[in-house]
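Observations on the model geometry
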Amino acid sequence: MTGSRIVALGHYQPAKVLTNDDLAAMVDTSDEWIRSRVGIETRHVAGPDEPVDELAAHAGAKALASAGLVPDDIDLVLVATSTAIDRSPNTAARVAARLGMGSPAVMDLNVVCAGFTHALATADHAVRAGAAVRALVIGADKMAEVTDWTDRTTCVLVGDGAGAAVIEATGPGSDGEIGPVLWGSVPEMGHAVRIEGTPPRFAQEGQSVYRWATTQLPPIARKVCERAGVTPEELAAVVLHQANLRIIEPVAQKIGAVNAVIARDVVHSGNTSAASIPMALSKLVERGEIESGDPVLLFGFGGNLSYAGQVVRCP
């Protein structure tokens, strides 16, 4: 049976950087308060003339260049986003048009902060089923557009950006394979993280999310490793959704990945929702902190209290 692997990655962030001191001039907060509670120092924020599909296209173009491919080599585009304002054309179609692709299948997935790992699993399934040969999978969000910048409980958290991965078919057992996904949700707790209303605004119940993430997710993440035939001690890196450093560090510790590099991109990028995992992974690879063939745990969680994770091999 055909498998799939990640062959290349790319990421993109807007040029504008918003520091904690900048936020302190806007709302009642401080650099010390933000660092101590969420671990964030800076975040990138897109302007009104930078739509989410533009962020996604930049990341996708970098991933394609890294893979040595041209746009027509892609037959499936999946974009995970929860901040696309327009319904149609969807974000994936807009990305395909920006990149000059021929006739790929184009789909958006909205699973908020767990969107990229859901999209990656969907691309893997499509390749395994023979419905696609190469896929471009992107997580992209413009959280600045759905944030109330007068609300100090949420505006300190968010950032904008995009991360992309090129997926292709491969034979079983090859380095770079995408492992089986473990995914689910807690539907009755969907109110804990919301982007709703007109205009849409991001809101969350921080303590509820913190308790759920730090107590319920570590055993699920260990089951992801078990499905992949990898022990937590064998992981070279752990890339969790970059929600909050106070969530990332205890969850990573409870997983038991004692030899792994822990992605902490949240410090410099904030919570970028579906973009956070592919951006953090792309940066780890770019900096040479993990090597080709290394096993890496990807685990997304958040909105809808959804989660999805898989172990992948570093491209």
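All values reported here derive from a predicted model rather than from experimental measurement.

1. Quick look at the overall build of the chain
- Helix and strand counts for the chain stand at 10 helices and 14 strands.
- Taking 315 residues into account, the globule formula puts the C-alpha radius of gyration at 20 Å, and the chain, at 18 Å, falls close to it.
- Each principal axis of the C-alpha atoms in the chain carries an extent, and together these give about 55 × 45 × 40 Å.
- By residue count, 57% of the 315 residues in the chain fall in the buried class.
- Surface exposure of the chain reaches about 12,300 Å², of which carbon and sulfur atoms provide 49%.
- Taking the average location of the 25 positive side-chain charges in the chain and that of its 36 negative ones, the two points are 4 Å from each other.

2. Comments concerning the packing of aromatic side chains
- Using the criterion set out here, one finds 3 aromatic pairs in the structure.
- Residues Trp212 and Phe301 carry aromatic rings whose centres are separated by 6.5 Å and whose planes lie at 70 degrees to one another, so their mutual orientation is edge-to-face. Of this pair, Trp212 sits in helix 7 (residues 206–228) while Phe301 sits in strand 13 (residues 295–301), and the two are 89 residues apart along the sequence. The exposure classification of Trp212 matches that of Phe301, with both residues buried.
- Each ring, one from Phe299 and one from Phe301, has its centre 6.4 Å from the other, and the planes form 40 degrees; the classification is tilted. Taken individually, Phe299 and Phe301 each receive the classification buried, so the pair is uniform in this respect.
- Among the aromatic residues, those joined into a cluster by ring pairs are Trp212, Phe299, Phe301 and Tyr307.
- Above the plane of the ring of Trp33 lies Arg152, whose end atom (NZ or CZ) is 5.0 Å from the centre.
- One residue, Arg246, lies across the ring of Tyr210, its end atom 5.2 Å from the ring centre.

3. Details of the pairing of strand 11 (residues 237–240)
- In strand 11, alternate side chains face the same way, and those of Ala237 and Val239 on one face and Val238 and Leu240 on the other are all buried.
- As paired elements, strand 11 and strand 12 (residues 261–262) share 2 bridges and run parallel to each other. Paired with Ala237 across the two strands is Val261, which belongs to strand 12.
- Read from strand 11 through helix 8 (residues 245–255) to strand 12, the crossover connection turns out right-handed.
- Across 4 bridges, strand 11 lies against strand 13 in parallel orientation. Looking at the pairing, Ala237 lines up with Val296 of strand 13.

4. Examining the packing of helix 7 against helix 8
- With their axes 9 Å apart at the nearest point, helix 7 and helix 8 run at an angle of 30 degrees to one another. With respect to each other, helix 7 and helix 8 are oriented roughly parallel. By crossing handedness, the relation of helix 7 to helix 8 is classed as right-handed. Along the contact surface, helix 7 presents Val209, Tyr210, Ala213, Thr214, Pro218, Ala221 and Arg222, while helix 8 presents Arg246, Ile247, Pro250, Val251, Lys254 and Ile255.
- Looking at side-chain class alone, the contact of helix 7 with helix 8 contains 9 nonpolar, 1 polar and 3 charged residues.

5. Focus on helix 5 (residues 115–128)
- The terminal C-alpha atoms of helix 5 lie 20 Å apart, and with 14 residues this matches the ideal 20 Å at 1.5 Å per residue to within 8%.
- For helix 5, a buried count of 11 out of 14 residues is recorded, marking the element as mostly surrounded by other parts of the structure.
- By the burial criterion, the buried members of helix 5 are Gly115, Phe116, Thr117, His118, Ala119, Leu120, Ala121, Ala123, Asp124, Ala126 and Val127.
- With its phi angle positive at about 85 degrees, Gly130 sits one or two positions after the end of helix 5.

Rules and cut-offs
Residues numbered from 1 in each chain as written. Predicted model: local features only at pLDDT ≥ 70, side-chain atom pairs only at ≥ 80, totals over all residues. Heavy atoms only, no water. Helix = DSSP H or I, 4+ residues; strand = E, 2+ residues; numbered from the N terminus. Rg over C-alpha atoms; globule rule 2.2 N^0.38 Å. Buried < 20%, exposed > 50% of the residue type's maximum accessible area, 1.4 Å probe, protein only. Areas by Shrake-Rupley, 256 points an atom, 1.4 Å probe, with all protein chains shown as cover. Lys, Arg positive; Asp, Glu negative; His and termini not counted. Charge placed at Lys NZ, Arg CZ, Asp CG, Glu CD. Phe/Tyr/Trp six-rings, centres within 6.5 Å; stacked < 30°, edge-to-face > 60°. Lys NZ or Arg CZ within 6 Å of the ring centre and 35° of its normal. Pairing = 2+ DSSP bridges. Right-handed = clockwise from strand over helix to strand, strands pointing away. Axes fitted to C-alpha atoms, helices over the stretch in contact; angles between N-to-C directions. Parallel < 35°, antiparallel > 145°, perpendicular 65-115°, else oblique. Left-handed = near helix turned anticlockwise from the far one by under 90°. Contact = heavy atoms within 4.5 Å. Nonpolar A, V, L, I, M, F, W, Y, C, P; charged D, E, K, R; others polar. Expected span 1.5 Å × (residues − 1).

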